[in-house]
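Residue-level structural notes
Listed below are the residues making up each chain.
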Amino acid sequence: MRFRDLVEIVGDEPVFETGLLLAGAVDPTDVRRQLSRWCRTGQVQQLRRGLYALAPPWRREEPHPFLVANRLSPGSCVSGLSALAYAGAIPEYVAEVTSVTPGRPRIRETPLGRFSFRHLKPPLLAGYRREDLGRGQRAFVAGPEKALLDIVHLQPGGDDTAYLRELRLDFTALRLDVVDALIPRYSTPKLARAADRIRRLARDAPGYEAL
């Protein structure tokens, strides 16, 4: 396979997997050898084993970080601070993309950024939606209410009023009825305490109207 053939096949894909190149009468060993060579020359970026992106200027679509996160760990969902920032529920820009996964926790450093994955038990993997990220890219992302509860659940001291206040939550971007509906899934006193403290903070927040 020549590099121009690769660009023709995957040029419109933000990221691609090795399997996309193995259809038809091709030598898998040769394909993998070529990919390794193109990674060494900087024409292709390896994100994890079997997952790649064309390097600039050859790629036509810039991969959205949330799409990359989903593809790095199939079955994962973007959550935590990343999902809160995406929803406009916190003011800060979050450089690292945080996700939850039924698999083991890990951090991946890639040419496209840093991605962290926190473990959640499968029964807690609900409250996510497939978001349209533009230009045909989609990813599973937690709603802001679920993202907040995932933070509380996974962060030591995440139910402390001081910690919740430090998040500088924009309560106009959160629905407390949705928070209340999700709380029973966690079945922990920590989340029940957090819900009460979140509601108290919301009552004092400017512009918030209780449901």
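Thresholds applied
- Residues numbered from 1 in each chain as written.
- Predicted model: local features only at pLDDT ≥ 70, side-chain atom pairs only at ≥ 80, totals over all residues.
- Heavy atoms only, no water.
- Helix = DSSP H or I, 4+ residues; strand = E, 2+ residues; numbered from the N terminus.
- Buried < 20%, exposed > 50% of the residue type's maximum accessible area, 1.4 Å probe, protein only.
- Contact = heavy atoms within 4.5 Å.
- Arc of directions from axis to C-beta.
- Axes fitted to C-alpha atoms, helices over the stretch in contact; angles between N-to-C directions.
- Parallel < 35°, antiparallel > 145°, perpendicular 65-115°, else oblique.
- Core = buried A, V, L, I, M, F, W, Y, C linked by side-chain atoms within 4.5 Å.
- Pairing = 2+ DSSP bridges.
- Left-handed = near helix turned anticlockwise from the far one by under 90°.
- Nonpolar A, V, L, I, M, F, W, Y, C, P; charged D, E, K, R; others polar.

What to know about the side chain of Gln 45
Mapped onto the elements, Gln 45 comes out in strand E2 (residues 44–48). Using a relative accessible area of 17% as the deciding quantity, one classes Gln 45 as buried. Beyond its immediate chain neighbours, meaning those up to four positions away, Gln 45 contacts Cys 39, Leu 51, Tyr 52, Ala 53, Leu 54, Ala 55, Pro 56, Arg 59, Pro 111 and Leu 112.

With respect to helix H7 (residues 176–186)
Among all positions in H7, only Leu 176, Val 179, Leu 182, Ile 183 and Tyr 186 are buried. Take H7 and look down its axis: the buried residues cluster within an arc of 125°, on one side only. Residues of H7 that are exposed and angled more than 90 degrees away from the buried face: Ala 181 and Pro 184. Buried residues along H7 sit against helix H5 (144–154) and helix H8 (189–203). Phi turns positive one or two residues past the end of H7, at Ser 187, with a value near 50°.

Let's talk about the packing of H7 against H8
At a minimum axis separation of 10 Å, H7 and H8 run at an interaxial angle of 170°. The orientation of H7 with respect to H8, classified from their angle, is roughly antiparallel. Across from Leu 176, Asp 180, Ile 183 and Tyr 186 in H7, the residues of H8 making contact are Leu 191, Ala 195, Ile 198, Arg 199 and Ala 202.

Topic: the nonpolar core
Judged by nonpolar contacts, the single largest core of 50 residues is most densely connected at Leu 84, Leu 148, Leu 169 and Phe 171. Contacts of Leu 169, omitting those with residues within four sequence positions, involve Leu 84, Ala 89, Ile 90, Leu 148, Leu 164 and Leu 174. Counting 12 residues, the second largest nonpolar core, distinct from the first, contains Leu 6, Phe 16, Leu 21 and Trp 38.

Some remarks on the pairing of strand E5 (residues 97–101)
Of all 5 residues making up E5, 5 are buried, and the element is well covered by its neighbours. The pairing of strand E4 (residues 77–78) with E5 spans 2 bridges and is antiparallel. If you follow Val 78 over to E5, its bridge partner there is Ser 99. Here E5 runs beside strand E7 (residues 113–119); their pairing, made up of 5 bridges, is parallel. Across the sheet, Thr 101 pairs through a bridge with His 119, a residue of E7.

What about unusual backbone geometry?
Backbone torsion omega between Pro 56 and Pro 57 reads 5°, so that peptide bond is classified as cis. For Pro 57, the location among the structural elements is in the loop between strand E3 (51–54) and helix H3 (65–72). Positive phi, normally seen in glycine, also occurs at Arg 135, with a value near 55°. Classification of Arg 135 as exposed rests on a relative accessible area of 66%. With a phi close to 50°, Ser 187 is a non-glycine residue in the positive phi region. For Ser 187, the position within the fold is in the loop between H7 and H8.

Notes on the packing of H5 against H7
For the pair H5 and H7, interaxial distance at closest approach is 9 Å and the crossing angle is 40°. Overall, the two elements H5 and H7 adopt an arrangement that is oblique. Considering how the two elements wind past one another, H5 and H7 form a crossing that is right-handed. Residues Glu 145, Lys 146, Leu 149, Asp 150 and His 153 of H5 form the contact with H7, whose own contacting residues are Val 178, Val 179, Leu 182, Ile 183 and Tyr 186. In terms of residue class, the contact of H5 with H7 is made up of 6 nonpolar, 1 polar and 3 charged.

Purely geometric stuff here, so don't read any function into it on its own.
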